[in-house]
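Residue-level structural notes
Below are the chains, spelled out letter by letter.
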Amino acid sequence: MTDHPELDSGKPTIARAYDALLGGKDDFAADRALADHAIQHIPGLRESAVENRRVLVRGVRYLARETGMDQFLDLGSGLPTMENTHQVAQRENPDARVVYVDIDPLVSVHGRALLAENGGTRVTVGDVRDPAAVLAAPAVDGFLDFSRPAVVMLVGMLHYLSPDVADGVVAAYRDVLAPGSHLFITSLVDTGLPQQRELARITRENLEEGWARTPAEIEHHFGDFELVEPGVTYTALWRPDTPIDPENLAPGEQLGMAGMARKP
Ligand code: SAM
């Protein structure tokens, strides 16, 4: 990709390394080197990233189609890729509103282009760990109406929240939501497999944050919300389009879990 003066291309970022994993174009040599290093150590890592995108699509489609959700706050949204939240949601409901929030400045470069073509979508650079600032951002406040049901997404994002801040951060987003709202989480999981902890370690070492959580720890972040079937489960098993044998998961299908819950 071409250089942007405000970006440090020599140091990998989470968003760009993830883009490299997905085979995208918005990454630099340092991001690709990290992605290659991680792929060599973690069997199925690339497939796991693709699987995470797939469950994002299924989750947003379920929310827009089955529950009538029409407002989405996509936290840690990443760089645009094949099927993004606004495309999935607005295919079901052209009036659906989506706000993308990400800490990576490259996301805002893309956001400017996106804004020009889509009135129902906003992009803002922000740190998810500062919920007050995110919720007060002009792209969020006044564009999403939190007196009505809305969706908060922490898809592929929870594992970048360190254990000392995660509880308070996720609770702050849960608290602002109206009854009938939904929280949608996917996360690196720790079910005792060494590659899960190894991925967390590589991520922490190179990208500062990276935490694998047990299924119970992931579930804990839904607070008193009611889990949507099938609960917190490996991403491939979360409402799959075609049946999956839970006894026969590939290595890449055992790195992440997904869950969704509704505020009573
Ligand atoms: N949500 C997308 C998905 O699931 O495909 C992207 C996931 S990507 C693995 C994680 C994203 O979270 C990256 O784009 C990264 O920049 C962003 N991120 C990490 N920590 C963040 C923070 N504290 N605030 C905002 N964004 C953050």
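Residues numbered from 1 in each chain as written. Predicted model: local features only at pLDDT ≥ 70, side-chain atom pairs only at ≥ 80, totals over all residues. Heavy atoms only, no water.

Under an unreviewed UniProt entry, the name given to the protein is SAM-dependent methyltransferase, and the source organism is Actinomadura sediminis.

Brief notes about the packing of helix 2 (residues 29-41) against helix 8 (residues 194-207)
The geometry of helix 2 relative to helix 8 is characterised by a closest axis approach of 10 Å and an angle of 160 degrees between their N-to-C directions. The angle between the axes of helix 2 and helix 8 places the two elements in the roughly antiparallel class. For helix 2 against helix 8, the interelement crossing comes out right-handed. Note on element contacts: helix 8 touches helix 2 through Glu198, Ile202, Asn206 and Leu207, opposite Leu34, His37, Ala38 and His41. Considered class by class, the residues forming the contact of helix 2 with helix 8 number four nonpolar, three polar and one charged. (Axes fitted to C-alpha atoms, helices over the stretch in contact; angles between N-to-C directions. Helix = DSSP H or I, 4+ residues; strand = E, 2+ residues; numbered from the N terminus. Parallel < 35°, antiparallel > 145°, perpendicular 65-115°, else oblique. Left-handed = near helix turned anticlockwise from the far one by under 90°. Contact = heavy atoms within 4.5 Å. Nonpolar A, V, L, I, M, F, W, Y, C, P; charged D, E, K, R; others polar.)

A short note on the site of the ligand
Within the structure, the ligand sits among 19 residues, and Tyr18, Asn52, Arg53, Asp102 and Val155 are positioned closest to it. Within the side chain of Tyr18, an N or O atom sits 2.7 Å from an oxygen atom of the ligand. Between the ligand and Arg53 there is a distance of 2.7 Å, counted from an oxygen atom to a side-chain nitrogen or oxygen. Protein coverage of the free-state accessible area of the ligand, which is 600 Å², stands at 98%. At three residues, the largest contribution of residues to the shell around the ligand is made by helix 1 (residues 14-21). (Near = heavy atom within 4 Å. Polar contact = N/O pair within 3.5 Å; in protein donor to acceptor, adjacent residues only side chain to side chain. Areas by Shrake-Rupley, 256 points an atom, 1.4 Å probe, with all protein chains shown as cover.)

Thoughts on unusual backbone geometry
In this model, Glu229 is joined to Pro230 through a cis peptide bond whose omega is 10 degrees. Despite not being glycine, Glu208 shows a phi value in the positive range, around 75 degrees. Along the chain, Glu208 falls in the loop between helix 8 and helix 9 (215-220). The phi torsion at Arg239 lies on the positive side, around 45 degrees, for a residue other than glycine.

Description of the nonpolar core
Counting residues in each nonpolar core, the largest one holds 37 residues, and the members touching the most others are Leu73, Leu75 and Tyr173. Those elements giving two or more residues to this core turn out to be strand 1 (71-75), strand 2 (97-102), helix 6 (131-136), strand 4 (151-154), helix 7 (163-176), strand 5 (182-188) and strand 8 (256-262). For this core, the element with the most residues is helix 7, which contributes four residues. Apart from residues no more than four positions distant in its own chain, Leu75 is found in contact with Val101, Val128, Val134, Val152, Met153, Leu154, Val155, Met157 and Tyr173. Counting 31 residues, the second-largest nonpolar core is a separate cluster that includes Leu79, Val151, Val155 and Phe184. (Core = buried A, V, L, I, M, F, W, Y, C linked by side-chain atoms within 4.5 Å. Buried < 20%, exposed > 50% of the residue type's maximum accessible area, 1.4 Å probe, protein only.)

A look at the pairing of strand 1
Among the five residues in strand 1, five count as buried, and that is most of the element. A two-sided burial pattern is seen for strand 1, the buried positions comprising Gln71, Leu73 and Leu75 on one face and Phe72 and Asp74 on the other. Remark: the strand 1/helix 4 (residues 85-92)/strand 2 crossover connection has right-handed handedness. Where strand 1 and strand 4 come together, three bridges link them in parallel fashion. Within the sheet, the bridge partner assigned to Asp74 lies in strand 4 and is Met153. (Right-handed = clockwise from strand over helix to strand, strands pointing away. Pairing = 2+ DSSP bridges.)

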